[in-house]
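This is what each chain is made of:
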Amino acid sequence: MKAVKFGGTSMSTADSILRVKSIVEQDIDRRFVIVSAPGKSAVDDKVTDMLIAVAHTSSRDRIQAFAVVKERFQTICEGVGLGRDYLCDELSAIESGLAASNSDYIISRGEYLCAKVLAGLLGYRFIDAAELIKFNGKTYDDDTTETVCKAGLKGKRNAVIPGFYGSDENGEIVVFSRGGSDITGAIVARAVQANVYENYTDVDGFMTCDPRIVPHASVIDMLTYKELRELAYMGANVLHPESIFPVRASNIPIHILNTFNKNALGTKIVPTEEFLAGKHKRKNDMPITAIAGKQHFFSLHIDKSLMNAEIGFVRRVLSCFEKLDISIEHIPSGIDSMTVVFSAVDTKTANELIDSVRREVKPDHISLATDISLIAIVGHGMKSRPGTAARAINRLSLANINLRMLDMGASEINLILGVDDADFDRALIALNGEFEV
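Just so it is clear, the model here is predicted, and its values are computed rather than measured. Residue indices begin from 1 for each chain and proceed along its sequence in written order. Reporting of local features is limited, given that this is a predicted model, to residues whose pLDDT is at least 70; pairs of side-chain atoms are given and counted only at 80 or more, and all residues count toward the totals for whole chains, interfaces and linings. Each side-chain value is derived from all of the structure's non-hydrogen atoms; neither hydrogens nor water enter the calculation.

Points about a positive patch on the surface
Patches draw on residues past 30% relative accessible area with no salt bridge. Two like charges within 9 Å are joined, as are two nonpolar side chains (Val, Leu, Ile, Met, Phe, Trp, Tyr) within 5 Å. Surface exposure here means Shrake-Rupley accessible area, sampled with a 1.4 Å probe, where a residue is shielded only by the protein chains that are shown. Salt bridges are counted wherever a side-chain nitrogen of Lys or Arg sits within 4 Å of a carboxyl oxygen of Asp or Glu. Charge counting treats Lys and Arg as positive and Asp and Glu as negative, with His and both chain ends excluded. For charged residues, the charge sits on one atom: NZ in Lys, CZ in Arg, CG in Asp, CD in Glu. Side chains of Lys 226, Arg 229, Arg 248 and Lys 383 sit close together on the surface and give a patch of like positive charge. Tracing the sequence through the fold places Arg 229 in helix H8 (residues 225–233). For the exposure calls, accessible area comes from a 1.4 Å probe over protein chains only, and a residue counts as buried if that area is under 20% of its type's maximum, exposed if over 50%, partly exposed in between. Look at Arg 229 and you get partly exposed, because its relative accessible area is 32%. Put simply, DSSP marks the helices as runs of H or I at least four residues long and the strands as runs of E at least two long, and each gets a number from the N terminus on.

Below, the structure is given as structure tokens:
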């Protein structure tokens, strides 16, 4: 049995939805299908963006703003052969409640309507995600969802389910962050104990490096859950980084596939423990799996003599970040110094942070660096093959790129390098050339 999720590009037009129908019908094991709202097409914006605009419109003008969304779905229904008026009742019900609806409800209607269309095409049961995915306030409730979702799908032969949203204890619609349909797909895969969770998108799979910067980057045939987390967090955004959690406990593999390229083998994401035990094999035995990066970080460098002997020093520094609600990325440190790398903030917040740290720990010296990029070199093979860091440093040196930071992750499968934003592209190209990923 398979749970299958189709992203926004796959659902963007009548032609692409007919392609999705064909893919589902090619395999009788594709019994539970999760869909995103229609994405950007050649002539239209993403439906979710359209609905966000509706939600931000004054109550009295929402029906008029919704007209473009209504037309989009009527055109899709006509194009797939269901008839222009196929969603007439659903569209009318949405329109009648627009003035009083909360923004999450409005934003979620793209997935809702899209699932209605595909269910009609396939002859599958439609099951509203609001009945399966549960939130406590705005916080996703995994324990309740697992129980409710298993019960709601038990005994069902097949179903189409909207992604991206669920409901709270009062029955109000609540949405995940953007890309959250990936999470819905994983939740459904766990609930039905699928053999695999297939995630169809518009790319051939995860790449060894950003192909916009490194054109000869290639598709990775296999990743582990841990490698996926590292790469997704560092900018390889093929899959929502939180989508592995529902399937990880059940050891359900994920398979990234391209709706528009039937010949692409895609990327399989497998349980880490199974990979390390030798159950799964990659096509090549390179120590590095992939390289990914993100730009625009700040780093706060602190020097203080005998810092290592001062109990609670690090905790007090980090408390300054917590009070200002600043997310921390990495904390490389030495005997008398530490650096905290964090997401960029505005000038006022940065100054407040520096003043707070000065008051809290009275450093000998403190400085703030901006425009920092972080690059992650990821791969399980680094554990058993020495010299990865040396090779990376040497290659950056040969490319005349200044290394601002180096940090080896505790898992030993990622090496984090910090460079200036201005050197980001050159660094990715240089490192990719060194490790030939």
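Considerations on the pairing of strand E15 (residues 337–343)
Buried residues dominate E15, accounting for six of its seven residues. Hairpin connection from strand E14 (residues 328–330) to E15: six residues lie between these consecutive antiparallel strands. For two strands to pair, DSSP has to find at least two bridges joining them.

Quick word on the sheet that holds strand E12 (residues 267–270)
If you walk across this open sheet you meet the eight strands as E3-E6-E2-E1-E9-E11-E12-E10, and the pairing is mixed. Edge positions in the sheet fall to strand E3 (125–126) and strand E10 (222–224), since each of these pairs with one other strand and no more. Here strand E1 (residues 2–6) pairs with strand E9 (residues 196–201) via five bridges, running parallel. Across the sheet, residue Lys 2 finds its bridge partner in E9, namely Val 196.

Quick look at the nonpolar core
Take the buried residues of types Ala, Val, Leu, Ile, Met, Phe, Trp, Tyr and Cys, join any two whose side-chain atoms come within 4.5 Å, and each joined set is a nonpolar core. With 96 residues, the main nonpolar core has Phe 6, Leu 118, Leu 153, Ile 161, Phe 206 and Ile 269 as its most contacted residues. Among the elements that take part in this core, helix H5 (residues 103–122) stands out by supplying eleven residues, more than any other. Residue contacts are defined here by distance: any two heavy atoms, one from each residue, within 4.5 Å place the two residues in contact. Discounting chain neighbours no more than four positions away, the residues touching Phe 6 are Met 11, Val 20, Ile 23, Val 24, Val 33, Ile 34, Val 35, Ser 36, Tyr 200 and Thr 259. Grouped together as the second largest cluster of nonpolar side chains are 20 residues, Cys 209, Ala 217, Leu 396 and Ile 401 included.

A short note on the layout of surface pockets
Roughly 1300 Å³ of internal volume is contained in the largest pocket. The wall of the largest pocket is formed by 50 residues, among which Thr 201, Asp 202, Asn 237, Val 238 and Leu 239 lie closest to the centre. If you list the elements that add at least two residues to the lining of the largest pocket, you get helix H7 (181–191), E9, H8, strand E13 (290–303) and helix H14 (424–435). The greatest single-element share of the lining of the largest pocket, amounting to five residues, is contributed by E13. The rule is simple: put a 1 Å grid over the protein atoms alone, call a set of points where a 1.4 Å probe fits but cannot get out a cavity, call an open set with protein on both sides within 12 Å along at least five of seven lines a pocket, and count a residue as lining if it has an atom within 4 Å of a point. Grid points are joined across faces, edges and corners, and a volume is the space filled by probe spheres set on the points.

Side note on the pairing of E1
Of all the five residues making up E1, five are buried; the element is thus mostly covered by neighbouring parts of the structure. Alternating positions in E1 separate into two faces, Lys 2, Val 4 and Phe 6 on one and Ala 3 and Lys 5 on the other, with burial throughout. The sheet contact formed by E1 and strand E2 (residues 30–35) spans five bridges and is parallel. Bridged to Ala 3 within E2 is Phe 32. By convention a crossover is right-handed if, when the strands point away from the viewer, the path from the first strand over the helix to the second runs clockwise. Once the chain exits E1 it traverses helix H1 (residues 14–25) before rejoining the sheet at E2, and the crossover so formed is right-handed.

Describing the packing of aromatic side chains
In this analysis, rings of Phe, Tyr and Trp, with Trp reduced to its six-membered ring, are considered paired at centre separations within 6.5 Å, and the interplanar angle assigns stacked below 30 degrees, edge-to-face beyond 60, and tilted for intermediate values. Inspection of every chain in the model, using the stated rule, returns seven aromatic pairs. Note on Tyr 140 and Phe 176: the rings are 5.5 Å apart at their centroids and 55° apart in plane angle, and the pair reads as tilted. Within this pair, whereas Tyr 140 is found in strand E5 (residues 139–140), its partner Phe 176 is found in the loop between strand E8 (173–175) and H7, the two being separated by 36 residues in sequence. An angle of 80° between the planes, with centres 5.9 Å apart, marks the rings of Phe 298 and Phe 342 as edge-to-face. With Phe 298 in strand E13 and Phe 342 in strand E15, this residue pair connects regions lying 44 residues apart in the sequence. Comparing Phe 298 with Phe 342 shows no difference in burial state: the two are buried. Put simply, the rings of Phe 135, Tyr 140 and Phe 176 touch in pairs and so form one group of aromatic residues.

Some points on the sheet that holds E15
Within a beta sheet, neighbouring strands are joined by backbone hydrogen bonds and run either parallel or antiparallel to one another. Here we have six strands laid out as an open sheet, ordered E14-E15-E13-E16-E18-E17, and antiparallel in their pairing. Unpaired on one side and paired on the other, E14 and strand E17 (403–408) mark the two borders of the sheet. Here the average twist between neighbouring strands, direction ignored, is 40°. As judged from the seven bridges shared by strand E16 (residues 365–378) and strand E18 (residues 414–420), these two strands associate in the antiparallel manner. Residue pairing in the sheet places Ile 372 in a bridge with Asp 420 of E18. To obtain an axis, a line is fitted to C-alpha atoms, over the contacting stretch when the element is a helix, and the angle between two such axes runs from 0 to 180 degrees between their N-to-C directions. Across the sheet, H14 is in contact with E13, E16 and E18; its angle to E16 comes to roughly 40°.

As for helix H6 (residues 142–153)
In a regular helix each residue adds 1.5 Å, so twelve residues correspond to 16 Å; H6 covers 16 Å between its end C-alpha atoms and thus fits that length. All of the buried residues along H6 are Thr 145, Cys 149 and Leu 153. One face of H6 carries all of its buried residues, which in axial projection span an arc of 35°. Those residues of H6 that are exposed and aimed more than 90 degrees away from the buried face are Asp 143, Thr 147 and Ala 151. At the N-terminal boundary of H6, the capping side chain belongs to Asp 141, with an oxygen 3.4 Å from the backbone nitrogen of Asp 143. Within two residues after H6, Gly 155 carries a phi angle of roughly 80°, on the positive side. A helix is expected to span 1.5 Å for every residue after the first. Regarding the arc, it is the one traced by the directions from the helix axis to the C-beta atoms. We call two N or O atoms a polar contact when they sit within 3.5 Å, provided that within protein one can donate a hydrogen and the other can accept it, with sequence-adjacent residues counted only if both atoms are side-chain atoms.

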